[in-house]
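Okay, here's what each chain looks like letter by letter:
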Amino acid sequence: MRHLLGVLRRSAPKLMPADRILWVGLRRVWADWKSTLLIVKPETVIAWHRKGFRLYWTWKVRRGKPGRPALPQEIRDLIRMMSRNNPMWGAPRIHGELLKLGIEITEPTVAKYMLRQRKPPSQTWRTFLENHVKSIVSVDFFTVPTIRFQVLYVFLVLAHDRRRILQFGVTAHPTAEWTVQQLRNAFPWESAPRYLLRDRDRIFGEEFVSQVKAMDSPPFVKPK
């Protein structure tokens, strides 16, 4: 305790003459001022401040001016009617037409009361796979190191319906022409699938896509 008091005395701020006069005068006017001193944690002070902030704004909202006046029902019905009869019109177009009629209103208010066009729900990726699993194939490469420390590239064509390997080829120097030829060997006689999944490897670039589209029954090429 003595050590703590010593540290407090060394670190205590120096009082100016004006401060001393203030505290002496306060002591003479209010003799019991020490009874109001409390030792609290910083978290308690922060909680008091937040509570006071909430009470202040609650009082200000209740005793202050009312908010934005409500829009008349006739104007709301007019906005909905214009939105219903002109589905291609957006909020700026309807807002402009209302201004021509002498109705002073903001564009966000117009957007608030417009009719929302319901869009048909789009299917999820899982639903798409379940509906078209029989017409989807995937292509990809993987590497195989040889005993002579060379790297061979194996190209696979995999059907998704039964996880069947439709075609595979091995080469040391894969090119776009060689890859497309493997696809032709996997799908002869215009039997190409509708959807083809691939990754973003450079070998599946524009040249590969253009040659795949040039096939007799080209599949839809989509990156994974």
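Residues numbered from 1 in each chain as written. Predicted model: local features only at pLDDT ≥ 70, side-chain atom pairs only at ≥ 80, totals over all residues. Heavy atoms only, no water.

Here's the deal with the pairing of strand E3 (residues 164–171)
Phase 1 of the analysis: As defined by bridge partners, strand E2 (residues 151–159) adjoins E3 across seven bridges and the pair is classed as antiparallel. Following the sheet pairing, Leu 158 is matched in E3 by Ile 165.
Phase 2 of the analysis: As consecutive antiparallel partners, E2 and E3 are separated by four residues, and within that stretch Arg 163 has a phi angle of approximately 55°, a positive value. (Pairing = 2+ DSSP bridges. Helix = DSSP H or I, 4+ residues; strand = E, 2+ residues; numbered from the N terminus.)

A short note on a nonpolar patch on the surface
Phase 1 of the analysis: Nonpolar side chains collect at one region of the surface, where Leu 22, Trp 23, Leu 26, Val 29 and Trp 30 lie side by side and expose about 540 Å² of accessible area between them.
Phase 2 of the analysis: Structurally, Leu 26 can be placed in helix H2 (residues 17–29). (Patch = residues over 30% accessible without salt bridge, like charges linked within 9 Å, V, L, I, M, F, W, Y side chains within 5 Å. Areas by Shrake-Rupley, 256 points an atom, 1.4 Å probe, with all protein chains shown as cover. Salt bridge = Lys/Arg side-chain N within 4 Å of Asp/Glu carboxyl O.)

Considering the nonpolar core
Phase 1 of the analysis: Counting 18 residues, the largest nonpolar core has Val 139, Phe 155, Val 157, Leu 183, Phe 187, Phe 204 and Phe 208 as the members making the most contacts within it.
Phase 2 of the analysis: Residue assignment for this core shows that the elements contributing at least two residues are strand E1 (136–145), E2, helix H8 (176–186) and helix H9 (206–213).
Phase 3 of the analysis: Grouped together as the second largest cluster of nonpolar side chains are 12 residues, Leu 71, Met 82, Ile 105 and Met 114 included. (Core = buried A, V, L, I, M, F, W, Y, C linked by side-chain atoms within 4.5 Å. Buried < 20%, exposed > 50% of the residue type's maximum accessible area, 1.4 Å probe, protein only.)

A closer look at unusual backbone geometry
Phase 1 of the analysis: The backbone of Arg 163 sits at a positive phi, close to 55°, despite the residue not being glycine.
Phase 2 of the analysis: With respect to the secondary-structure elements, Arg 163 resides in the loop between E2 and E3.
Phase 3 of the analysis: Since its relative accessible area comes to 62%, Arg 163 is described here as exposed.

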